[in-house]
2 protein chains.
Amino acid sequence: MLNALDRLMLEKVADLHEIPQGAFNIRKNGAGVQRNTTANIDIVTKADKSGIDVIVKPFTVGESVHIPVIVTADNINDVVYNTFEIGEYSDVLVVAGCGIHNPGTNASQHDGIHNFFVRKGAKLKYVEKHYGQGEGQGQRILNPRTFIEAEEGSTIELELIQIKGIDRTKRDTEIRLMSEARLVVTERLLTNKDQEAESNISVEILGANSSAQIISRSVAQDNSKQEFNFDLVGRNKGRGHIQCDAIIMHNAQVHSIPKISAYHSDAQLIHEAAIGRIESEQLIKLMSLGFSESEAEDVILSGFLK
Amino acid sequence: MLNALDRLMLEKVADLHEIPQGAFNIRKNGAGVQRNTTANIDIVTKADKSGIDVIVKPFTVGESVHIPVIVTADNINDVVYNTFEIGEYSDVLVVAGCGIHNPGTNASQHDGIHNFFVRKGAKLKYVEKHYGQGEGQGQRILNPRTFIEAEEGSTIELELIQIKGIDRTKRDTEIRLMSEARLVVTERLLTNKDQEAESNISVEILGANSSAQIISRSVAQDNSKQEFNFDLVGRNKGRGHIQCDAIIMHNAQVHSIPKISAYHSDAQLIHEAAIGRIESEQLIKLMSLGFSESEAEDVILSGFLK
């Protein structure tokens, strides 16, 4: 059922060289094509709308769920609602991600709307990779929305990566942290040509002693535009740190707007942001080692986005 | 014409213990009360609206202009438009500032709307202090608006200080930097009780090799609210750096929203912001030296706002 192109796309977005171990659900051009569940992880098709419920039993440790989405036709507009119940004291990896190969002239779009309930003491690592390619002129559009409720003592690690080839993206990520919850978000974004990317991340420190760290790195090339709206709110004792760094090249534009708001005298919030070019010292050093200028740039950029 | 209260207010906002040297214009309760001009600095009453034109001749070096405003009655709503022509290659100090003593039950408000034209190669230091007191319940409100056009090679230093006693303030500061212009803004703000303060600073790097540095420090106590909107735009080769630090205490709220936008690949923009409480290590150290907790807090806060 999966052809060579499908397999390439799955590799790009989920590092899958073969059918994954454990639970998975592969979606292609708006429909599920393959699924596996395990004793501890169930995947159930939603009755009322497009999407799935992923249910991880309490105390499930060391298992993974792969739910890649691939789009290989033009004129697709796929909206999917996925709900994740991450049971108490479980420790799981969820790998999502979407690859669009658009061969045609009409836009193809996938909007993954994800709701996570990470229960007491659970650990979740969530990886989302976005990738686009295709010989057609049709735009490749991805607008993910991710809502996470992090219950008491939970630990959440998000890796949000847009590798290349996405013409338009609007990423909305909202996270609410209850007491003793820990969050680390890592975002990596590259845009080129006339691409536009907007990333909006809101984190609310609601419970005492919770912590949030958001690290965003991006490269904007050619005529592309990037906008980052990060909103960190401290309503209780806790720590939050936003760090965003962008490398700007050519005629690109970068807008960085990280907001921090403290409503509690024991909320400690920090943000740091920088927009700048590739450091010329690094370039010169690599070129003195025999790299061409564009090779040296590539080395620096891939190190930066690693 | 100036009584003891007037003199106290002048000291608070302009460090004036006596009538200043050089050019000055003292405004009280909505009307000019005293003025001096010099051979190089003229002060002319505007014909079309309330306010003055301050004209500094090219190459004027080492002179100062004091233009303090005092309000000592309630129910005053004073809007004043001042225009400053800072001539080529001059080097001058402008001390503005407003003190409100509100003895009554109705609000008293002063809005100083200042337009600066800082000509080629000129150096301007502009100091603005705001202070309020008074036994009445009437609010003390100050909404300054400052626009600065910084021509080629000019150097501008702004000190914006709200000492205490201002119930509401909305500060708007907009600066446009031409090539080789340099800007340093220092803001110090303290709010307590139910006070609210909003500071909006926009800086545009328009000319090549211009630079901007904005350093904001604030203390928010009791139920007060502070909001900072800093907007740094790089449209040319240049450097910009925003740094804002707030100490939050009691039930205060602080919102810090520094936006950086790069439209040029040689624009290097950085912002850093932090909201947090007084460092407990510092407190403990001072208390071990014999200070009470509140004395130790005072020492730390005045150091921070210095």
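Residues numbered from 1 in each chain as written. Chains lettered and ligands numbered in written order. Predicted model: local features only at pLDDT ≥ 70, side-chain atom pairs only at ≥ 80, totals over all residues. Heavy atoms only, no water.

*Asks:* Give a detailed account of the packing of helix 2 (residues 280-288) of chain A against helix 3 (residues 293-305) of chain A, specifying residues and quantitative values.
*Replies:* Residues and elements named next belong to chain A. Put simply, helix 2 and helix 3 touch, their axes get as near as 9 Å, and they point 120° apart. Classified by the interaxial angle, the pair formed by helix 2 and helix 3 is oblique. When the axes of helix 2 and helix 3 are compared, the crossing they make is right-handed. Contacts between helix 2 and helix 3 involve Gln-282, Leu-283, Leu-286 and Met-287 on the former and, on the latter, Glu-293, Ala-296, Glu-297, Val-299 and Ile-300. In terms of residue class, the contact of helix 2 with helix 3 is built from six nonpolar, one polar and two charged. (Axes fitted to C-alpha atoms, helices over the stretch in contact; angles between N-to-C directions. Helix = DSSP H or I, 4+ residues; strand = E, 2+ residues; numbered from the N terminus. Parallel < 35°, antiparallel > 145°, perpendicular 65-115°, else oblique. Left-handed = near helix turned anticlockwise from the far one by under 90°. Contact = heavy atoms within 4.5 Å. Nonpolar A, V, L, I, M, F, W, Y, C, P; charged D, E, K, R; others polar.)

*Asks:* Please set out the layout of surface pockets residue by residue, giving values where relevant.
*Replies:* Taken as a whole, the largest pocket encloses approximately 570 Å³ of empty space. Around the largest pocket, the lining comprises 26 residues; the ones closest to its centre are Gln-268 and Ile-270 of chain A together with Gly-276, Arg-277 and Glu-279 of chain B. For the lining of the largest pocket, the secondary-structure elements that each account for two or more residues are strand 16 (182-191), strand 18 (210-220), strand 20 (238-248) and strand 22 (267-276) of chain A together with strand 20 (238-248), strand 22 (267-276), helix 2 (280-288) and helix 3 (293-305) of chain B. Of the residues belonging to the lining of the largest pocket, the class tally is 12 nonpolar, eight polar and six charged. (1 Å grid on protein atoms, 1.4 Å probe; cavity = no way out; pocket = protein on both sides within 12 Å on 5 of 7 lines; lining within 4 Å. Points joined across faces, edges and corners; volume = space filled by probe spheres on them.)

*Asks:* Tell me about the relation of the copies chain A and chain B, and name the residues and values.
*Replies:* Of the transformation placing chain A onto chain B, the axial shift is 0.0 Å and the rotation is 180°, giving an RMSD of 0.0 Å. Both chain copies can therefore be described as sitting about a two-fold axis. Taking C-alpha positions as the reference, the residue of chain A nearest the rotation axis is Glu-272 of chain A, at 2.1 Å. In this assembly the copies share their binding face: 100% of the residues contributing to the interface of chain A also contribute to that of chain B. (Least-squares fit on C-alpha atoms with pLDDT ≥ 70 in both.)

*Asks:* Explain the pairing of strand 19 (residues 225-234) of chain A to me, using residue names and the numbers behind them.
*Replies:* Residues and elements named next belong to chain A. Sheet analysis places strand 17 (residues 196-205) next to strand 19, joined by 10 bridges and oriented parallel. Residue pairing in the sheet places Ser-202 in a bridge with Asp-231 of strand 19. With 10 bridges connecting them, strand 19 and strand 21 (residues 253-262) associate as parallel partners. Within the sheet, the bridge partner assigned to Gly-234 lies in strand 21 and is Ala-262. (Pairing = 2+ DSSP bridges.)

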